[in-house]
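Listed below are the residues making up each chain.
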Amino acid sequence: MSLVTPSPPATTNISDRSADGCLAEEISTLTVEDRNLTKRTDYIGWDSYFMAISCLVSKRSKDPATQVGACIVNRKNRIVGQGYNGMPRGCSDDEFPWDKTSSNPTETKYFYVCHAEMNAVFNKNCADISNCVLYSLLFPCNQCAKTIIQSGISEVVYMGDKNMNKPEATASKRMFEASGVTVRQFRPLYDVLKINFKSGKCEECLPNTIPPEDMNRDLSKKREHCLPWDDYFMAISILVAKRSKCPTLQRGACIVNQEKCIIGQGYNGMPHGCSDDEFPWRSDSDSELDNKYLYECHAVLNAILNAGVNVKGCVVYSTTFPCNECTKAIIQSGIRKVVYLQTLEMEPRSCAALRMLNAVGITYRQHIPVQDELFVDFTLIDA
Ligand SMILES: O=c1ccn([C@H]2C[C@H](O)[C@@H](COP(=O)(O)O)O2)c(=O)[nH]1
């Protein structure tokens, strides 16, 4: 039996703007049947994905006024560091000052807070981050620029430039230029992305649908309602699912180590080198070889295999309960815990997965989010 290449969709104006493509208008002209035969083309591009991760990690910051996030990515598009602005380890968020001004300068936050970019570097999960790319919500200050340059990062992608006229930014630019670090500003393609914990989907939405922030909060006290770690990791899993080219089901997973660093991420897709345009995406053919199942790699398996380091003792966050095949990979790689989002369906492969997890003592639990929805609001960043 031969591999059937899916017939081209009805419209002819579909090009793959995969770098950061969003073809919603063109796609809407396709029938459901056509859409399910070919790869999805409205998947999130890498730049948007990594900047969205920087937005998400910024939600962990306790700074009541400004929350900044950054992530470091290697040339295989794997996250090797993430950080948000906060007090140094061991310096209590309740005892150190969060004020912007004070008659005593040592009672302002500026002497103590570690910037997001610097934290992303220090949180790195591999020894060498040379030639990596740093994504940051803000243009890095001179102190962070020194850390970035000395760690060998070769590219900086930033979003907001509100500090661009300050001497710190001028010094950063001078050092980046001298040391050959490429710098570019990210222009978002989306205003807002909504991460929906109920549906497990990430979708574009309008800025006016976001609930307003509490404007009366005390800016001298730490931000109380920062994003819990569990919601953060599940949000990343939902977000990475938006990279999947599968027209019917998009799944995502991430692997988190004991230091709460993401060391692997994955979404369902064809194996490396097996073209998304040539391998089948359909699931309804009479011929097994013409359906996606024999070829597609699941999100959990990809997350494990994409991890740059050993995943022993780590936790896997997944938008769905792992199938039996992914469960074998979980067990064999030494993962100790599974957190899944969508309700477990008692189909044979889930039953087999449960049986193996129970037998080996790997714990599993359904994720209960603190909120139903989370917004990645690109309009909030001063660009
Ligand atoms: O590149 C940057 C610049 C600033 N930050 C952090 C440091 C502070 O916590 C805030 C800035 O406070 P303002 O209230 O805006 O003065 O942002 C950073 O992480 N990275």
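To be clear, the structure that these remarks concern was listed above.
Residues numbered from 1 in each chain as written. Predicted model: local features only at pLDDT ≥ 70, side-chain atom pairs only at ≥ 80, totals over all residues. Heavy atoms only, no water.

Novice: Requested: an account of the sheet that holds strand β13 (residues 373–377), with residues and values cited.
Specialist: Read from one edge to the other, the open sheet built from three strands follows the order β7-β6-β13, with strand pairing classed as antiparallel. If you trace the sheet from one side to the other, it starts and ends with β7 (201–205) and β13, each paired once. The average angle at which neighbouring strand axes cross in this sheet is 25°, direction not considered. Across five bridges, the pairing between strand β6 (residues 192–196) and β7 is antiparallel. Across the sheet, the residue bridging to lysine 194 is glutamate 203, located in β7. Together, β6 and β13 form the strand contacts of helix α3 (residues 46–58), whose direction differs from that of β13 by roughly 120°. In the packing of helix α7 (residues 229–241) onto the sheet, contacts are made with β6, β7 and β13, and the angle to β6 comes to roughly 115°. (Pairing = 2+ DSSP bridges. Helix = DSSP H or I, 4+ residues; strand = E, 2+ residues; numbered from the N terminus. Axes fitted to C-alpha atoms, helices over the stretch in contact; angles between N-to-C directions. Contact = heavy atoms within 4.5 Å.)

Novice: Explain the layout of surface pockets residue by residue, including any values.
Specialist: In this structure, the largest pocket encloses a volume near 1300 Å³. What lines the largest pocket is a set of 38 residues, and nearest its centre among them are Lys59, Gln67, Glu213, Arg223 and Leu380. Put simply, the parts of the chain that give the lining of the largest pocket at least two residues each are α3, β3 (133–138) and β13. No other element matches β13, which puts five residues into the lining of the largest pocket. Taken together, the residues of the lining of the largest pocket break down into 20 nonpolar, five polar and 13 charged. (1 Å grid on protein atoms, 1.4 Å probe; cavity = no way out; pocket = protein on both sides within 12 Å on 5 of 7 lines; lining within 4 Å. Points joined across faces, edges and corners; volume = space filled by probe spheres on them. Nonpolar A, V, L, I, M, F, W, Y, C, P; charged D, E, K, R; others polar.)

Novice: An account of the site of the ligand is requested, with residue identities and associated values reported.
Specialist: What surrounds the ligand is a group of 15 residues, the closest being Asp63, Thr66, Lys109, Tyr110 and Glu117. A distance of 3.3 Å separates an oxygen atom of the ligand from a polar atom in the side chain of lysine 162. For the ligand, whose accessible area on its own is 460 Å², the fraction buried by protein is 90%. Its residues placed into classes, the shell around the ligand shows seven nonpolar, three polar and five charged. (Near = heavy atom within 4 Å. Polar contact = N/O pair within 3.5 Å; in protein donor to acceptor, adjacent residues only side chain to side chain. Areas by Shrake-Rupley, 256 points an atom, 1.4 Å probe, with all protein chains shown as cover.)

Novice: Give me the packing of aromatic side chains: which residues, what numbers.
Specialist: Per the counting criterion, the structure on display carries 18 aromatic pairs. Centroid distance phenylalanine 50 to tyrosine 135: 5.3 Å. Interplanar angle 40°. Geometry classified as tilted. Remark: tyrosine 135 occurs in strand β3 and phenylalanine 50 occurs in helix α3; sequence separation between them is 85 residues. Between tyrosine 232 and phenylalanine 233, the ring centres sit 5.2 Å apart and the planes meet at 55°, which makes this aromatic pair tilted. Exposure remark for phenylalanine 233: the relative accessible area of 1% places this residue in the buried category. One aromatic cluster in this structure is built from Trp46, Tyr49, Phe50, Tyr135 and Tyr267. One cation-aromatic arrangement involves arginine 60 over tryptophan 229; the distance from NZ or CZ to the ring centre is 3.8 Å. The positively charged end of lysine 245 is found above the aromatic ring belonging to tyrosine 43, 4.4 Å away from the centroid. (Phe/Tyr/Trp six-rings, centres within 6.5 Å; stacked < 30°, edge-to-face > 60°. Buried < 20%, exposed > 50% of the residue type's maximum accessible area, 1.4 Å probe, protein only. Lys NZ or Arg CZ within 6 Å of the ring centre and 35° of its normal.)

Novice: Summarise the nonpolar core; cite the residues concerned and give the values.
Specialist: Of all hydrophobic cores here, the largest spans 69 residues; its most connected members are Ile195, Leu239 and Phe378. Contact partners of leucine 239, with chain neighbours within four places excluded, come to Ile44, Tyr49, Ala52, Ile53, Leu56, Leu193, Ile195 and Cys202. Listed in part, the 24 residues of the second largest apolar core include Val316, Ala329, Leu354 and Leu357. (Core = buried A, V, L, I, M, F, W, Y, C linked by side-chain atoms within 4.5 Å.)

Novice: Explain the packing of helix α8 (residues 299–306) against helix α9 (residues 324–333) residue by residue, including any values.
Specialist: With their axes 8 Å apart at the nearest point, α8 and α9 run at an angle of 30° to one another. Relative to α9, the element α8 lies roughly parallel. With respect to the hand of their crossing, α8 and α9 are arranged in left-handed fashion. Along the contact surface, α8 presents Val300, Leu301 and Ile304, while α9 presents Cys326, Ala329, Ile330 and Ser333. Along the lines of polarity and charge, the residues of the contact of α8 with α9 split into six nonpolar, one polar and no charged. (Parallel < 35°, antiparallel > 145°, perpendicular 65-115°, else oblique. Left-handed = near helix turned anticlockwise from the far one by under 90°.)

Novice: Provide a residue-level description of the packing of α9 against helix α10 (residues 348–360), including the pertinent values.
Specialist: In helix packing, the relevant descriptors are the interaxial angle and the interaxial distance, both defined with respect to the helix axes. The N-to-C vectors of α9 and α10 enclose an angle of 20°; their axes lie 8 Å apart at closest approach. As summarised for this structure, α9 and α10 are arranged roughly parallel, according to the angle between their axes. As α9 packs across α10, the resulting crossing turns out to be right-handed. Each of Asn324, Thr327, Lys328 and Ile331 in α9 lies in contact with α10, whose residues at this interface are Arg349, Ala352, Ala353, Met356, Leu357 and Val360.

Novice: Tell me about unusual backbone geometry, residues and numbers included.
Specialist: In the Ramachandran plot, asparagine 77 falls in the positive-phi region, its phi being about 65° despite a non-glycine side chain. Locating asparagine 77 in the fold gives a position in the loop between β1 (69–73) and β2 (79–84). If you check the backbone angles, lysine 260 has positive phi at about 65° while not being a glycine. Secondary-structure assignment places lysine 260 in the loop between β8 (252–256) and β9 (262–267). What makes lysine 260 partly exposed here is its relative accessible area of 37%.

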